[in-house]
Amino acid sequence: MIEMVTRRADLEAIPVSFPDPFLIDKLAPYFVRGQSGGTLYYQALQNAPTAQYGRNTAALADITENVISAATTTFAMNECRARIAMSYDQVKGYYNQESADIAMARMAKRSFYLKLESICAKALLHNDSPVNGISNPVATIDAEVAKLRDKAYGTGKMALTMSHSVFASLKNNETIQKRMISTGVIVDGLGPRYVSPEQLAAAFGVDEVLVGADISWKLGVNAGDRGNIGLSLLPTPAVDCAEEPQWARTLIFDWGGDAQHYVLEEFHNPINDSWVMDAKGIVDFKVLNSAMATQIQVFAA
């Protein structure tokens, strides 16, 4: 019989570091909600209204009203749970029980956020018919950047998002290397391995190049999408999705306390004499404006 479960609010407050920064915060920021389901209001992407010019003010001609329509979608959160177990023998290998608890808590937190990152990666990189840029990725990316900028009429910063593997391969593209040389990035005999995401962003004329860990942005997506990159518009920090068009948001239930995204629960399993730590959250990932993202295949999967 499993012993009583204890919420470890003290461990929820302990910070955890990650080998690579997660991109979900920039692409689809967390939207903490007090209920696990309901209606979400958001701003739909629509054509930019044109101002009225030359109205006959003497005749009091009608003023054109450009109505901004609010869009809605329903959401229903699902459980996301990361469970870490440690044998009694492993616990003995730590300085004390508290040290073992901290180690399990950090592993559970990482696992929880890794799952959310993979959900975001799948949503951004998947397309049954992506734009084909295999033969000429540079020209294709240039063309799609121009299309998205025109479509979005200045809404948000633009980012190219890809896995580490795709980033490494893209830097070795001959056309890209020539462009980097002409812009003064590759100098003093340094090879393309020295090219940074910031420099590649400048070469493509986007605001950011976001590079995600392969565990989420390659291994965490469908096999057919692993040669894709995502071109998308980033939301303005701290601006609600009802105030500006945004690609997606990560809806997450507010548990309260220091860690809003999940609760940490611990119990002892006497059957195999192990200690167990759960990071448990309730989440729904919602794509709000699919037109604010474009999938480009730059390498064959």
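For the structure, see preceding data.
Residues numbered from 1 in each chain as written. Predicted model: local features only at pLDDT ≥ 70, side-chain atom pairs only at ≥ 80, totals over all residues. Heavy atoms only, no water.

**Q** I'm lost on the overall build of the protein in this one. Help?
**A** Secondary structure assignment for the protein yields nine helices and 13 strands. Its C-alpha atoms put the protein at 80 × 60 × 35 Å along the principal axes. Of all 301 residues assigned to the protein, the portion counted as buried reaches 45%. Working note: accessible area of the protein is about 15500 Å², and carbon and sulfur atoms make up 52% of it. Where the 26 positive side-chain charges of the protein centre and where its 33 negative ones centre are 4 Å apart. (Helix = DSSP H or I, 4+ residues; strand = E, 2+ residues; numbered from the N terminus. Buried < 20%, exposed > 50% of the residue type's maximum accessible area, 1.4 Å probe, protein only. Areas by Shrake-Rupley, 256 points an atom, 1.4 Å probe, with all protein chains shown as cover. Lys, Arg positive; Asp, Glu negative; His and termini not counted. Charge placed at Lys NZ, Arg CZ, Asp CG, Glu CD.)

**Q** Quick question: what am I supposed to make of the nonpolar core here?
**A** As a rule of thumb, nonpolar side chains are buried together in soluble globular proteins. In terms of nonpolar packing, the biggest core is built from 65 residues, with Phe 112 and Trp 247 touching the most fellow members. Take this core: its biggest share by element is 11 residues, from helix α4 (residues 97–125). Tyr 42, Leu 251, Phe 253 and Leu 288 belong to the second-largest nonpolar core, a separate cluster that totals 10 residues. (Core = buried A, V, L, I, M, F, W, Y, C linked by side-chain atoms within 4.5 Å.)

**Q** Looking at this structure, I do not really get the sheet that holds strand β9 (residues 228–234). What am I missing?
**A** Think of a sheet as strands paired side by side through backbone hydrogen bonds, with each pair either parallel or antiparallel. Taken together, the five strands give an open sheet; going across it, the order is β6-β13-β9-β7-β8, and neighbouring strands pair in mixed fashion. Looking at strand neighbours, the two that pair on one side only are β6 (131–132) and β8 (208–212), the edges of this open sheet. Here strand β7 (residues 157–163) pairs with β8 via five bridges, running parallel. Within β8, the residue paired with Met 162 across the bridge is Val 211. Its contacts with the sheet place α4 against β7, β9 and β13 (293–297), and it is angled at close to 95 degrees to β9. Taken strand by strand, helix α8 (residues 197–204) contacts β7 and β8, and its axis lies near 135 degrees from that of β8. (Pairing = 2+ DSSP bridges. Contact = heavy atoms within 4.5 Å. Axes fitted to C-alpha atoms, helices over the stretch in contact; angles between N-to-C directions.)

**Q** What exactly am I supposed to notice about α4 here?
**A** Each turn of an α-helix holds 3.6 residues, which means side chains three or four residues apart point in the same direction. Counted at 1.5 Å a residue, the expected span for α4 with its 29 residues is 42 Å, and the 42 Å between its end C-alpha atoms agrees. Taking the backbone nitrogen of Glu 98 as reference, a side-chain oxygen 3.2 Å away marks Asn 96 as the first, capping residue of α4. (Expected span 1.5 Å × (residues − 1). Polar contact = N/O pair within 3.5 Å; in protein donor to acceptor, adjacent residues only side chain to side chain.)

**Q** Would you mind going over the packing of aromatic side chains with me for this structure?
**A** Given two aromatic rings, one states the distance between the centres and the angle between the planes to describe the pair. According to the stated counting rule, one finds six aromatic pairs in the structure shown. Consider the rings of Phe 112 and Tyr 262, whose centres lie 5.3 Å apart with planes at 65 degrees: the pair is edge-to-face. Within this pair, whereas Phe 112 is found in helix α4, its partner Tyr 262 is found in the loop between β10 (248–253) and β11 (263–269), the two being separated by 150 residues in sequence. Both residues of the pair, Phe 112 and Tyr 262, count as buried. (Phe/Tyr/Trp six-rings, centres within 6.5 Å; stacked < 30°, edge-to-face > 60°.)

**Q** What's the story with the environment of Arg 249 in this structure? I'm lost.
**A** Within the fold, Arg 249 resides in strand β10. A relative accessible area of 7% places Arg 249 in the buried class. With residues near it in sequence (within four places) discarded, Arg 249 still touches Ala 28, Pro 29, Tyr 30, Phe 31, Val 239, Asp 240, Cys 241, Asp 284, Phe 285, Lys 286 and Leu 288. At a separation of 3.4 Å, a polar atom in the side chain of Arg 249 contacts the main-chain carbonyl oxygen of Tyr 30. A polar contact is formed between the side chain of Arg 249 and the backbone oxygen of Val 239, at a distance of 3.5 Å.

**Q** Please explain the pattern of salt bridges as it appears in this structure.
**A** Oppositely charged side chains can form a pair if their charged atoms are brought close together. In the structure shown here, the tally under the stated rule is 12 salt bridges. The residue Arg 81 makes a salt bridge to Asp 278 at a minimum N-O spacing of 2.6 Å. Separated by 197 residues along the polypeptide, Arg 81 in strand β5 (residues 78–87) and Asp 278 in strand β12 (residues 274–287) bring together distant segments of the chain. Relative accessible area serves as the criterion here: at 36%, Arg 81 is assigned to the partly exposed category. It is possible to trace a salt-bridge network through shared partners that takes in Arg 8, Asp 10, Asp 101 and Glu 266. (Salt bridge = Lys/Arg side-chain N within 4 Å of Asp/Glu carboxyl O.)

**Q** Would you explain the environment of Val 32 in this entry?
**A** Locating Val 32 in the fold gives a position in strand β2 (residues 30–33). Taking relative accessible area as the criterion, Val 32 reaches 28% and is therefore assigned partly exposed. Counting along the chain gives 219 residues from Val 32 to Leu 251, while the straight-line C-alpha distance between them is 5.9 Å.

**Q** Just to check I follow, could you spell out the side chain of Gln 297 for this structure?
**A** Looking at the secondary structure, you find Gln 297 in strand β13. Take Gln 297: its relative accessible area is 16%, and that puts it in the buried class. A polar side-chain atom of Gln 297 sits 3.5 Å from the main-chain carbonyl oxygen of Phe 299. If sequence neighbours within four positions are ignored, Gln 297 has contacts with Pro 130, Val 131, Asn 132, Gly 133, Ile 134, Gly 227 and Asn 228.

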